Amino acid sequence: MKELRGISAAPGVAMGKAFLYTDDESPSIPRYGIRVGDIESEWARLTDAVRAAEEEVRELAERASLEMGVEHAKIFEAHLLMLGDPDLMEQIRDRLTAQKRNIEWVVWDLARDLYQKMSAAQDAYLRERAIDISDVSQRLLNRLLHVKKMSLAELPDDVVLVTHNLLPSDTLVMDKKRVKGIAMNMGGRTSHTAILARAFEIPAVLGLTEATREIASGDFVIVDGSSGIVLVNPEEAVVERYRGLTERMRADVSNLLSERDLPAVTTDGRRVALKANIEIPEEADHVLDHGAEGIGLYRSEFLFLSSGYKADEESQYEAYKRVIEALPGKPVTIRTLDVGGDKIIPELQEEEKNPLLGWRAIRFCLAHRELFKTQLRALIRASAAGDLRIMFPMISGIEEYEAALEVLEEAKAECRAKGHTCCDSLTVGLMVEIPSAAMTADILAARTAFFSIGTNDLVQYSLAADRGNERVAYLAQPFHPAVLRFIKTTIDAAHAAGIPAAMCGELAGDPMATAVLLGFGLDEFSMSAASIPLVKRIIRGSSAADCASLAEQALKLCSYRDVEALVRSWMDVRFPSLKSEL
Ligand code: PEP
Ligand code: MG
């Protein structure tokens, strides 16, 4: 048995056969000349490949639509149109006849020319299509060369996915029903792949560095996402122990869920709100099952990532309305597009030396005013469906916030001009996730309706440690005195201005942080839905006064280790029965 240690990214235990996923399988293209007499047989090979590819894409579209909703299937519809495009076929035919080259060479060459032309086009629509050309041509080439490209949408049943890295967009495409667990070389606890794994409740260990070298396809592995351990080919006794653990975990979860409908109120009567973070609209259907009282963060950028950013106003409006309608009468906070960093839309964004310090989120949106306004119009229109709150990400200071509000006003005016009854009373808030925002929280609080603290980025930027880089993951300590002070400053500034302070970073769902955050006076905790029951249990078992004195002590300590030790002993005394879950 081999034991690999990484970063605990999504809790729970998964056992199964490893499936090694590598994405470096683009086949090399054979190049040779053909005789005139071979033209028809080459053409026939192409038409066969087109038919097979069409079938493949149709299946993918069906599956995407069933599992993730129609918006997510749109990308495949575009591919189908492209595969059946007579103009494209004519261009291939002309080149085949004129150049007398094997069909793979012709397709590859034409696709490259089209890709270059389209990606350099002025017209945004054409640029969008460039990525489709490369996707469709690759599928055709795989068919022509009889390469069965390994696809994350077509995995065998019940696998533990072992991979070097998954982009957030890969995680979206992945056939989640077939993946029992994830073991990955790269990534940290608050990387977006980890966040998605938690959202889909797939146990995951990231930052393993050597997983793809140490594990072979077919090995039996146990992914212990709660402890950050992966066991390769364990003995039967170990498997039995983990089976028992899984059973106990299941019982613990159902026990916690029995309090689903009880309020999140402390023993001395302080009421807080517990909400869910979601990444795709369909998740909204299940958050109430975990006792969520609303959505505290909908990361709208995943809509753009999964549909190749063809999210026009109408499809966005439908997606936002769907989320709002899934939680009748409950508040829904939708965050405007936060692309950049590790969430790259290659067709929209150029490579940057320091993407995490670069053209991200609100900075990107303010520079792409029309794209931003399109999203804001869709949100304004969707606000008619319920209690919508709009939230701007990565605000660094008042100028940026005011610039975003200005675009919002323009979007409102456009909605009014088109006869949409838009909500003038729209609630607008901002994320505090950059140290400069936390330090000027008093200034920002005077202009906004609420704060939501994004601890994933706040930790990353306070400690200058890339949240996706496993080598510096040890630095990402939310109990670091600097981070605690930023959080406290932000909450105090909100309260002084009479606005609520929420938190939607991962710390909000960390049961070890619940008491300290309550002690700081946090009003709203938003987290992956599965984390809500345990956090609620802790809130209902704590007194606000007791938590306030814990928080006060924590603020006086010099290191995150001391804070951790203080909190652990506090929890051990008050929640001995939860020891195994913390
Ligand atoms: C955060 O930074 O804490 C946050 C919630 O936003 P994201 O994780 O999407 O960057
Ligand atoms: Mg963030």
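The structure under discussion appears in the preceding block.
A quick note: this is a predicted structure, and the numbers were derived from the prediction, not measured. (Residues numbered from 1 in each chain as written. Chains lettered and ligands numbered in written order. Predicted model: local features only at pLDDT ≥ 70, side-chain atom pairs only at ≥ 80, totals over all residues. Heavy atoms only, no water.)

### Thoughts on the coordination of the magnesium ion (ligand 2)
And step 1. Protein-derived coordination of the magnesium ion (ligand 2) comes from Glu433 (OE) and Asp457 (OD), at a distance range of 2.0 to 2.1 Å. Within this pair, whereas Glu433 is found in the loop between β13 (427–432) and α15 (435–439), its partner Asp457 is found in helix α17 (residues 455–463), the two being separated by 24 residues in sequence. Assigned by exposure class, Glu433 and Asp457 land together as buried. (Donors = N, O, S within 2.8 Å, 3.2 Å for Na, K, Ca; no water. Helix = DSSP H or I, 4+ residues; strand = E, 2+ residues; numbered from the N terminus. Buried < 20%, exposed > 50% of the residue type's maximum accessible area, 1.4 Å probe, protein only.)

### A word on the pairing of strand β8 (residues 229–232)
And step 1. Burial of β8 is two-sided: the residues Ile229 and Leu231 facing one way and the residues Val230 and Val232 facing the other way are all buried.
And step 2. Two elements, strand β1 (residues 2–5) and β8, share four bridges in a ladder whose sense is antiparallel. Across the sheet, the residue bridging to Lys2 is Val232, located in β8.
And step 3. Pairing geometry for strand β7 (residues 220–224) and β8, over four bridges, is antiparallel. Bridged to Val223 within β8 is Val230.
And step 4. Between the end of β7 and the start of β8, which pair antiparallel, lie four residues, with Gly228 showing a positive phi angle near 75 degrees. (Pairing = 2+ DSSP bridges.)

### Observations concerning the site of ligand 1
And step 1. Around ligand 1, 17 residues are found, and the nearest of them are Arg299, Arg335, Gly454, Asn456 and Arg467.
And step 2. Contacts to ligand 1 include Asp457, whose side-chain N or O atom sits 2.9 Å from an oxygen atom.
And step 3. A distance of 2.7 Å separates an oxygen atom of ligand 1 from a polar side-chain atom of Arg467.
And step 4. Notes on ligand 1: free accessible area 290 Å², of which the protein chains cover 100%.
And step 5. Those elements that place two or more of their residues in the shell around ligand 1 are α7 (192–199), β10 (295–299) and α17.
And step 6. When residues of the shell around ligand 1 are assigned to their parent elements, the largest contribution, three residues, is made by α17.
And step 7. Here the residues of the shell around ligand 1 are counted per class, giving four nonpolar, five polar and eight charged. (Near = heavy atom within 4 Å. Polar contact = N/O pair within 3.5 Å; in protein donor to acceptor, adjacent residues only side chain to side chain. Areas by Shrake-Rupley, 256 points an atom, 1.4 Å probe, with all protein chains shown as cover. Nonpolar A, V, L, I, M, F, W, Y, C, P; charged D, E, K, R; others polar.)

### Details of the packing of helix α13 (residues 369–382) against helix α14 (residues 398–417)
And step 1. For the pair α13 and α14, interaxial distance at closest approach is 9 Å and the crossing angle is 60 degrees. Judged on the interaxial angle alone, α14 and α13 are oblique. Crossing geometry of α13 relative to α14 is assigned as right-handed. Residues Arg369, Phe372, Lys373, Leu376, Arg377, Ile380 and Arg381 of α13 pack against Ala404, Glu406, Val407, Leu408, Glu410, Ala411, Lys412, Glu414 and Cys415 of α14.
And step 2. Broken down by class, the residue content of the contact of α13 with α14 amounts to eight nonpolar, no polar and eight charged. (Axes fitted to C-alpha atoms, helices over the stretch in contact; angles between N-to-C directions. Parallel < 35°, antiparallel > 145°, perpendicular 65-115°, else oblique. Left-handed = near helix turned anticlockwise from the far one by under 90°. Contact = heavy atoms within 4.5 Å.)

### Observations concerning the sheet that holds strand β5 (residues 179–184)
And step 1. Read across the open sheet, the eight strands follow the order β1-β8-β7-β3-β4-β5-β6-β2; overall the sheet is mixed. In this open sheet, the two strands that pair with only one neighbour each are β1 and β2 (7–10). Strand-to-strand twist of the sheet, defined as the mean angle between neighbouring strand axes without regard to direction, takes the value 30 degrees.
And step 2. Contacts from α7 reach β2, β5 and β6 (204–206), with the element oriented near 50 degrees to β2.

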